[in-house]
Amino acid sequence: VQLQASGGGLVQAGGSLRLSCVASERIFGFNVMNWYRQAPGKARELVATATDGNRTGYADSVKGRFTISRDIPKNTVTLQMNNLKPEDTAVYYCSLSRSFGAWPTYWGQGTQVTVSS
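Reading guide: rules and limits
- Residues numbered from 1 in each chain as written.
- Predicted model: local features only at pLDDT ≥ 70, side-chain atom pairs only at ≥ 80, totals over all residues.
- Heavy atoms only, no water.
- Disulfide = S-S within 2.5 Å.
- Helix = DSSP H or I, 4+ residues; strand = E, 2+ residues; numbered from the N terminus.
- Phe/Tyr/Trp six-rings, centres within 6.5 Å; stacked < 30°, edge-to-face > 60°.
- Buried < 20%, exposed > 50% of the residue type's maximum accessible area, 1.4 Å probe, protein only.
- Lys NZ or Arg CZ within 6 Å of the ring centre and 35° of its normal.
- Pairing = 2+ DSSP bridges.

Colleague: Which residues make up the state of the cysteines, and what values do they have?
Modeller: Applying the stated criterion across every chain, the model contains 1 disulfide. In this model, C21 is linked to C94 through a disulfide, with the two sulfur atoms separated by 2.1 Å. Residues C21 and C94 are joined through a disulfide that is left-handed, its torsion about the S-S bond being -80°. Note that C21 is positioned in strand β3 (residues 17-23) and C94 in strand β9 (residues 90-97), a separation of 73 residues in sequence.

In structure tokens:
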């Protein structure tokens, strides 16, 4: 499966961006799509996750600002990011997992998000 992410860019603090990711196919047993991010010199961290049944989870640092959503028929996941902060600057990766909370098996190529102060 290929995961193609788009929507990154440069935005000022307080602004918004919308990331999208489309999976080339559905794989039986892999029902969770996620967004992770990795800033320079830091470990990759979970930002948001969503199951086929619309169960969602968020990192504490983005709760109330980011919203993850799924379009099951289109095999897509989006991440609406509002009130962006400089500390949100990172490469954002779309990924696919077997279950809620499981480390992803499939990864997209990443899209850069840069928030200026």
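Colleague: Could you give me a rundown of the packing of aromatic side chains, with the residues and numbers involved?
Modeller: Applying the stated rule across the entire model yields 5 aromatic pairs. A centroid spacing of 5.3 Å and a plane angle of 65° characterise the contact between F30 and Y106, whose relative ring orientation is edge-to-face. Of this pair, F30 sits in the loop between β3 and β4 (32-38) while Y106 is found in strand β10 (residues 106-107), placing the two residues 76 residues apart along the sequence. Take Y106: its relative accessible area is 26%, and that puts it in the partly exposed class. Three or more aromatic residues link up through ring pairs in this structure, and these residues are Y36, Y93, W103 and W107. In this structure, R44 packs its charged tip against the face of W107, placed 4.6 Å from the ring centre.

Colleague: Could you give an account of the pairing of strand β5 (residues 45-51), naming the residues involved and the relevant values?
Modeller: Counting buried positions over the 7 residues of β5 gives 5, a clear majority of the element. The sheet contact formed by β4 and β5 spans 6 bridges and is antiparallel. Bridged to W35 within β5 is A48. Counting the residues that bridge the hairpin from β4 to β5 gives 6 residues, and of these G41 lies at a positive phi of roughly 80°. Direction of pairing for β5 relative to strand β6 (residues 56-58): antiparallel, over a ladder of 3 bridges. Pairing of A48 across the sheet is with Y58, part of β6. If you look at the hairpin formed by β5 and β6, you'll find 4 residues sitting between the two strands, and N54 has a positive phi there, around 70°.

No statement about biological role is implied by the geometric values presented.
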